[in-house]
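Survey of secondary and tertiary structure
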Amino acid sequence: MALFRRRRSADSESAVAIDDFWSAWTDVRDALASSVDEGAPVAAEAAQRLDERVRRIHPSLSWEVSRAPEPGPTDLASLGSLDSPEALLASLEDEPASARASYALTLRAGADDEARVLAERWYRAAPEDADWAFFPARPADHAQLTRATTWDDHELDLAHTSVSLRVDHSSGQIEVGVYHPDFMFLPEETRREVAEHVVLLAVGEDDLVRWIGSVHPLVEKPLDPLPPTSMPSVVRQLSGMGGGGGWVTLQGRIPLRGALQLSARYPLHRRDYPALTLYAQVMVSYAETDEDRLPTGASASALEAYALGLREMLGSNGALFAVQTVGGQRVLHFYLDPESGILPEFEKAARGWSEGRVFVTSALDPEWRTIDQILKPIRKQLGR
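Remember, it's a predicted structure, so these values are computed and weren't measured experimentally.

Some details on the pairing of strand S11 (residues 278-285)
On a regular strand, each side chain points to the face opposite its neighbour's, so the side chains alternate between the two faces of the sheet. When you tally the buried positions in S11, you get six out of eight residues, the bulk of the element. Relative to strand S13 (residues 329-336), S11 runs antiparallel, the two sharing eight bridges. Residue glutamine 281 lies in a different strand from S13, and its bridge partner there is histidine 333. The pairing of S11 with strand S14 (residues 358-364) spans seven bridges and is classified as antiparallel. Directly across from alanine 280, in S14, lies its bridge partner serine 362.

See below:
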């Protein structure tokens, strides 16, 4: 008999909980569908089973079932995790699962990034089910913004809602005022809840966490009212999708080492790549340099092709976050999905660099502490 038992890690416990959830999916799916069809609460036994299984994945997670949301215009801000042109094009061309499914099961992590990581793993492990669409966060649903909703026994036609938007450039977030003509007749708490619900429907849960700094209900119509459906375009402008591809470059000099170049994704939010928790660093030296020891000629072209090849090989299982070049070396900073099993293939591909030495290291970094350190000079330069 073993005297000591190795303690299971939190990661392995959550992986087991996710496997158990999907193994028992057939036990509850019909009861959930019936509740949606009947417009009634989920039966108590099925709801309890779902509660227990979701909380085993993470105690901060909640769930909800509904009709599958109607597909709307593609939200470019949600495509940030697609790291190659091919993946982006495929996503734009593919019909979303919600367009084919009748029902939706959504996990909600709120502002808890750790819970959002596990919701993403739950989503990636989901089985094929023609009747159901699964979401690791509440998606935007603009169709609901044209309909009536009942809140605390008050019926509100959301088609009469308008918003005011103010971008706080110091925080990089949006302050939202939400107006409905019936707000003057409602209690403050109900107004606040409805206002937050409108913003959630407009941008979805992830963009709400990323970009919305505050939400205030308004009892007077804004001077320049906008429809709630205009919010995603403001988010896209703020996220930098309109120019530069979301990358920022800084240049400087380090004594005895020469010029320094740092390029990084910016702005970068934990919600952009929720499954990527494994940090991988690739350091290479190169042959052709200029007087500042920066790559030039054939080496510059080879380095670009090398990084592109690694990004395309990773697909949705990883992404390049930053590139540093100094002293005749280039350092590529990647984050990978450790559950995908991509690391050995990635390491093999990275060692295919032919111009000089290659060093590949990796470590789990679910809180993104490494990239946070790398981004500090960029945040300082931009006053964030």
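Considerations on the side chain of arginine 121
Note that arginine 121 resides in helix H6 (residues 113-124). On the basis of relative accessible area, arginine 121 is assigned to the buried category, the value being 13%. Only 2.7 Å separates the side chain of arginine 121 from the side chain of aspartate 337, close enough to count as a polar contact. Sequence-distant contacts of arginine 121, that is, excluding residues within four places in its chain, are made with Ile18, Ala275, Thr277, Asp337, Pro338 and Glu339.

Quick look at the sheet that holds S13
The strand order S9-S10-S12-S13-S11-S14 describes an open sheet built from six strands, whose pairing is antiparallel. Two strands lie at the open edges of the sheet, namely strand S9 (247-254) and S14, each paired on one side alone. Taking the axes of each pair of neighbouring strands and ignoring which way they run, one obtains an average angle of 15 degrees across the sheet. When strand S10 (residues 258-265) meets strand S12 (residues 318-326), the two strands line up antiparallel, connected through five bridges.

Reading the values: the criteria
- Residues numbered from 1 in each chain as written.
- Predicted model: local features only at pLDDT ≥ 70, side-chain atom pairs only at ≥ 80, totals over all residues.
- Heavy atoms only, no water.
- Buried < 20%, exposed > 50% of the residue type's maximum accessible area, 1.4 Å probe, protein only.
- Helix = DSSP H or I, 4+ residues; strand = E, 2+ residues; numbered from the N terminus.
- Pairing = 2+ DSSP bridges.
- Polar contact = N/O pair within 3.5 Å; in protein donor to acceptor, adjacent residues only side chain to side chain.
- Contact = heavy atoms within 4.5 Å.
- Axes fitted to C-alpha atoms, helices over the stretch in contact; angles between N-to-C directions.

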